[in-house]
Amino acid sequence: MDGPRSALLPDGRRLHLQHGPIDLVVEAFGPADGVQAAYRRAMNRFDDILEKLVEELPGLRRPLGAAYPLFRGPVARRMAAAVWPHRAGYVTPMAAVAGAVADEVLAAMTTIDGLRRAYVNNGGDIALYLADGERFDAGIVADIGRPEIGALARVEAAQQ
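No experiment lies behind these values; they were computed from the predicted model shown.

### Observations regarding the overall build of the protein chain
Here comes step 1: Looking only at helices and strands, the protein chain features five helices and seven strands.
Here comes step 2: Helices (α) and strands (β) of the protein chain occur, in sequence order from the N terminus, as β-β-β-α-α-α-α-α-β-β-β-β.
Here comes step 3: Taken over the C-alpha atoms alone, the protein chain extends approximately 45 × 35 × 35 Å along its principal axes.
Here comes step 4: A separation threshold of at least 6 residues defines the contact pool for the protein chain, and within that pool the share at least 24 residues apart is 46%.

### So, the packing of aromatic side chains
The description of an aromatic ring pair rests on the distance of the ring centres and on the angle between the ring planes.
Here comes step 1: Overall, the coordinates contain two aromatic pairs when judged by the stated rule.
Here comes step 2: Centroid distance Tyr 68 to Trp 84: 4.8 Å. Interplanar angle 70°. Geometry classified as edge-to-face. Note that Tyr 68 is positioned in the loop between helix H3 (57-60) and helix H4 (74-83) and Trp 84 in the loop between H4 and helix H5 (97-109), a separation of 16 residues in sequence.
Here comes step 3: Accessibility expressed as a relative area gives 38% for Tyr 68, which makes it partly exposed.
Here comes step 4: Stacked on the ring of Phe 29, the Lys or Arg Arg 117 has its end atom at 4.0 Å from the ring centre.

### What about the sheet that holds strand S1 (residues 5-8)?
Here comes step 1: With respect to topology, five strands assemble into an open sheet ordered S1-S2-S3-S4-S5, the strand pairing being antiparallel. Only two strands of the sheet have a single partner each, and these edge strands are S1 and strand S5 (125-130). Within this sheet the neighbouring strands show an average axis-to-axis angle of 15°, counted without direction.
Here comes step 2: In terms of strand pairing, strand S2 (residues 15-19) meets strand S3 (residues 22-29) through five bridges, oriented antiparallel. Bridge assignment links Leu 17 to a residue of S3, and that residue is Leu 24.
Here comes step 3: The sheet strands contacting H5 are S2, S3, strand S4 (117-122) and S5, and the helix crosses S4 at an angle near 150°.

### Things to note about the pattern of salt bridges
Here comes step 1: Throughout the structure, instances matching the rule amount to twelve salt bridges.
Here comes step 2: Where Glu 104 meets Arg 78, a salt bridge forms, and the shortest distance between an N and an O atom there is 2.6 Å. Of this pair, Glu 104 sits in helix H5 while Arg 78 sits in helix H4, and the two are 26 residues apart along the sequence.
Here comes step 3: For Glu 104, a relative accessible area of 10% translates into the label buried.
Here comes step 4: Through salt bridges with shared partners, a single network forms among Asp 11, Arg 13, Arg 14 and Glu 27.

### Looking at helix H1 (residues 32-46)
Here comes step 1: With 15 residues, H1 extends 21 Å between its outermost C-alpha atoms, agreeing within 8% with the 21 Å of an ideal straight helix rising 1.5 Å per residue.
Here comes step 2: Those residues of H1 that fall on the buried side of the exposure criterion are Gly 34, Val 35, Ala 37, Ala 38, Tyr 39, Ala 42, Arg 45 and Phe 46.
Here comes step 3: Buried-residue contacts for H1 involve S1, S2, S3, helix H2 (49-55), H4 and H5.

### Section: the side chain of Glu 56
Here comes step 1: By the element assignment, Glu 56 lies in the loop between H2 and H3.
Here comes step 2: Residues in contact with Glu 56, not counting those within four places in the same chain, are Phe 71, Arg 72, Gly 73 and Ala 76.

What counts as what
- Residues numbered from 1 in each chain as written.
- Predicted model: local features only at pLDDT ≥ 70, side-chain atom pairs only at ≥ 80, totals over all residues.
- Heavy atoms only, no water.
- Helix = DSSP H or I, 4+ residues; strand = E, 2+ residues; numbered from the N terminus.
- Contact = heavy atoms within 4.5 Å.
- Phe/Tyr/Trp six-rings, centres within 6.5 Å; stacked < 30°, edge-to-face > 60°.
- Buried < 20%, exposed > 50% of the residue type's maximum accessible area, 1.4 Å probe, protein only.
- Lys NZ or Arg CZ within 6 Å of the ring centre and 35° of its normal.
- Pairing = 2+ DSSP bridges.
- Axes fitted to C-alpha atoms, helices over the stretch in contact; angles between N-to-C directions.
- Salt bridge = Lys/Arg side-chain N within 4 Å of Asp/Glu carboxyl O.
- Expected span 1.5 Å × (residues − 1).

Encoded structure:
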């Protein structure tokens, strides 16, 4: 398997991180040096995520039981925490893999001072950071064959 790859997208604003099945689009807003530092943190944190998940894959594929699962990696622990409230039904931690990866990369980025907004999009599972007073508008496309924005979703910092 090839290792993790990173590159700025053609628009020069967004960062693309890809490794195996994990495919992230990342964007940060703030001073240029802060954005660049956030992207470096994202790349550094992304470096071993897939490798660590693969090490724990058998346990991540098992349905939850009565005992809380003890995973070693931080992304695997995020996955377990996300699905734990739903353990009465058939659920495995894999149900939360995309969101947990997005959350982990975003957490690494948002340690940078001065960022106003940032997001990590992992195939539609989106982790979002908003500083006080900030908002994020996302266009909603109902038909991918006709990529027209049909609705707008607004998230404000006070809602987080």
